Amino acid sequence: MKRFTQTLLAVGLLALPMASNAQEHVWKYVETGDATSYAIRDDGTLWSCGWNEKGQMGVPSVSERTAEWQMVGQDTDWKKVVGGKAYAFFIKEDGSLWAAGTSESGVQGTGDGVDHRELVRVGEDNDWADISVSRFWGYSAIGLKTDGTIWGWGSNSSNQLGLEGVSSRITPVQIGTDNDWKMVTMGSDHTVALKNDGTMWGWGKNYGGQLGTGDLQSKQAPVQIGTDKD
């Protein structure tokens, strides 16, 4: 029994350095796109894995896909990631917005119509707070700024951006003039958002009643859903 105990102790001591190394860093943020995953470590570095056929991982050395986590660039100030279908957006601690992946319908917001396999900055603003993107087959994005305004770009074929007309926008365009938006989320072709006063608003396709407005009529611009403010 004594020899057995000593053996277990020795094995345990040998394992300590490995355990220590394993805990050297921890993940603080995770996000998924369409078959692509993203994560930010406690040291502020950005990592990705999965499909990369359009460059959505932000790692040019991966031609198609990988099951191993890859570090994206060398920066250590990443705050948030939002993944879509073959594209993704990244927000830094300084409020700058970055994109990678397909440029379908102008969804990257860079205005150049080029797919990017490395992260490219979207505009020059440093006041981005959050981004929401259309899920499944959509190529639309709406960003929330720290001043409470919301901005849309990409496909607007179903008025999911809440902007006039149905043409795509290749750079961010402000949606209305209100500056009291708190949260926004997108489906494949509709959008729902909250304001600071607790009211809820929706726009875009409504064929399945997904806007909750009591009818099946699509909305070209934000309309209040009900009258509740809580």
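Residues numbered from 1 in each chain as written. Predicted model: local features only at pLDDT ≥ 70, side-chain atom pairs only at ≥ 80, totals over all residues. Heavy atoms only, no water.

1. Comments concerning the overall build of the protein chain
Regarding its fold elements, the protein chain presents one helix and 16 strands. Taking the principal axes of its C-alpha atoms as reference, the protein chain extends roughly 80 × 40 × 30 Å. Residues counted as buried form 43% of the 230 residues belonging to the protein chain. Looking at the protein chain alone, contacts between residues at least 24 apart form 41% of all its contacts between residues at least 6 apart. Considering the protein chain, the positive charge centre built from 20 side chains and the negative charge centre built from 29 side chains are found 6 Å apart. (Helix = DSSP H or I, 4+ residues; strand = E, 2+ residues; numbered from the N terminus. Buried < 20%, exposed > 50% of the residue type's maximum accessible area, 1.4 Å probe, protein only. Contact = heavy atoms within 4.5 Å. Lys, Arg positive; Asp, Glu negative; His and termini not counted. Charge placed at Lys NZ, Arg CZ, Asp CG, Glu CD.)

2. Some details on the nonpolar core
Counting 15 residues, the largest nonpolar core has Tyr87, Phe89, Leu97, Trp128, Ile131, Val133 and Trp153 as the members making the most contacts within it. Sorting the residues of this core by element identifies strand 6 (87-92), strand 7 (97-101), strand 9 (128-133) and strand 11 (150-154) as the ones contributing at least two each. If you look at the next biggest cluster of nonpolar residues, it comprises 14 residues, including Val72, Phe90, Ala100 and Leu119. (Core = buried A, V, L, I, M, F, W, Y, C linked by side-chain atoms within 4.5 Å.)

3. A short note on the environment of Gln108
Looking at the secondary structure, you find Gln108 in the loop between strand 7 and strand 8 (116-121). Taking the C-alpha atoms as reference points, Gln108 and Val120, 12 residues apart in sequence, are found 9.0 Å from one another. Setting aside residues no more than four positions away along its own chain, Gln108 makes contact with Phe89, Ala99, Ala100, Gly101, Thr102, Ser103, Val114, Asp115, His116, Val120, Val122 and Trp153.

4. Quick word on the pattern of salt bridges
This structure, assessed with the given rule, holds 12 salt bridges. Of the charged contacts, one joins Lys28 and Glu93 as a salt bridge, the two residues approaching to 4.0 Å between their closest N and O atoms. With Lys28 in strand 1 (residues 27-32) and Glu93 in the loop between strand 6 and strand 7, this residue pair connects regions lying 65 residues apart in the sequence. By relative accessible area, Lys28 is classed as partly exposed at 45%. On the accessibility criterion, Glu93 (47% relative accessible area) is partly exposed. Here Asp180 makes a salt bridge to Lys195, at a shortest N to O gap of 3.6 Å. A residue pair is termed long-range when its members are at least 10 positions apart, and Asp180 in the loop between strand 12 (169-174) and strand 13 (181-186) and Lys195 in strand 14 (residues 190-195) qualify at 15 residues. (Salt bridge = Lys/Arg side-chain N within 4 Å of Asp/Glu carboxyl O.)

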